[in-house]
Amino acid sequence: MKSVHILLVEDNEGDIFLTTEAFGESKFKYKISIARNGKEAIDFVFQKGNFKKALTPDLILLDINLPVKNGLEVLHVLKNDASAKKIPIIMFTTSSSKNDINLSYQGHANCYITKPVDADDLEKVVNSIEDFWMKTARLPLK
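Residues numbered from 1 in each chain as written. Predicted model: local features only at pLDDT ≥ 70, side-chain atom pairs only at ≥ 80, totals over all residues. Heavy atoms only, no water.

Here we look at the environment of L61
(1) Moving on: Within the element layout of this structure, L61 appears in strand β3 (residues 59-62).
(2) Moving on: Spatially, the C-alpha atom of L61 lies 7.3 Å from that of I6, the residues being 55 residues apart in sequence.
(3) Moving on: Those residues in contact with L61 that sit more than four places away from it in its chain are I6, L7, L8, V9, T19, F23, I90, F92 and I129. (Helix = DSSP H or I, 4+ residues; strand = E, 2+ residues; numbered from the N terminus. Contact = heavy atoms within 4.5 Å.)

Details of the pairing of strand β5 (residues 111-114)
Along a regular strand, successive side chains alternate from one face of the sheet to the other.
(1) Moving on: Taken together, the four bridges between strand β4 (residues 89-93) and β5 define a ladder with parallel strand orientation. Note that in β5 the partner of F92 across the bridge is I113. (Pairing = 2+ DSSP bridges.)

Observations regarding the sheet that holds strand β2 (residues 30-35)
(1) Moving on: The strand order β2-β1-β3-β4-β5 describes an open sheet built from five strands, whose pairing is parallel. Each edge of the sheet is formed by a strand with only one pairing partner; in this case those strands are β2 and β5. Taken over all neighbouring pairs, the strand axes of this sheet differ in orientation by 20 degrees on average, direction set aside.
(2) Moving on: Bridge count for strand β1 (residues 4-9) against β2 is six bridges, and the pairing is parallel. By the bridge assignment, V4 is partnered in β2 with Y30.
(3) Moving on: Sitting on the sheet, helix α5 (residues 119-136) touches β1, β2, β3, β4 and β5, and the angle it makes with β4 is about 175 degrees. (Axes fitted to C-alpha atoms, helices over the stretch in contact; angles between N-to-C directions.)

Notes on the pairing of β3
(1) Moving on: The alternating pattern of β3 places L59 and L61 and I60 and L62 on opposite faces, both of which are buried.
(2) Moving on: Two strands pair when backbone bridges link them, and β3 and β4 are joined in this way by three bridges, in the parallel orientation. Bridge pairing links L61 to I90 in β4.
(3) Moving on: Viewed along the sheet, the connection from β3 through helix α3 (residues 71-79) into β4 turns out right-handed. (Buried < 20%, exposed > 50% of the residue type's maximum accessible area, 1.4 Å probe, protein only. Right-handed = clockwise from strand over helix to strand, strands pointing away.)

Let's talk about the pattern of salt bridges
Pairing of side chains with opposite charge becomes possible as their charged atoms draw close.
(1) Moving on: In this structure the tally under the stated criterion is five salt bridges.
(2) Moving on: A salt bridge links D43 to K39, with the nearest nitrogen and oxygen atoms 2.6 Å apart. Residue D43 and its partner K39 are both found in helix α2 (residues 38-45); the two are separated by four residues, about one turn of the helix.
(3) Moving on: Looking at D43, the relative accessible area reads 14%, which means it is buried.
(4) Moving on: Judged by its relative accessible area of 41%, K39 is partly exposed.
(5) Moving on: A salt bridge links D131 to K135, with the shortest nitrogen-to-oxygen separation between them at 3.0 Å. Pair noted here: D131 and K135 are both in helix α5, with a separation of four residues, about one helical turn.
(6) Moving on: Since its relative accessible area comes to 37%, D131 is described here as partly exposed.
(7) Moving on: According to the relative accessible area criterion, K135 is partly exposed, its value standing at 46%. (Salt bridge = Lys/Arg side-chain N within 4 Å of Asp/Glu carboxyl O.)

Here it is, written out as structure tokens:
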């Protein structure tokens, strides 16, 4: 089974730890790369700056509340680029704001998930991401 490369765009170290731990419990093989702000996420996908050798992610988990460029700005940049727009982007954020949800879908997010605060609930959400994106859906082929 091929490893799935996930770009986790998150600035909260606790959320990074919990999310990577939850994916680490999986039977699937993952390579998880971290971008800690919106500019890093864009640079990672376009292989610029410190990310010149970065591999293109198969899936992006994108927080909204990020420094430098917020998640909605990152979403706009990636979904308006011919080479990047095929990468599925899951908005993975603590925000349950109607405005954030609507703007995310208007910006062509593939999914919007409000992160649970409880570690057990987060594991269930990660399992549901796996069930859909790894078992049911087909990720774009490279």
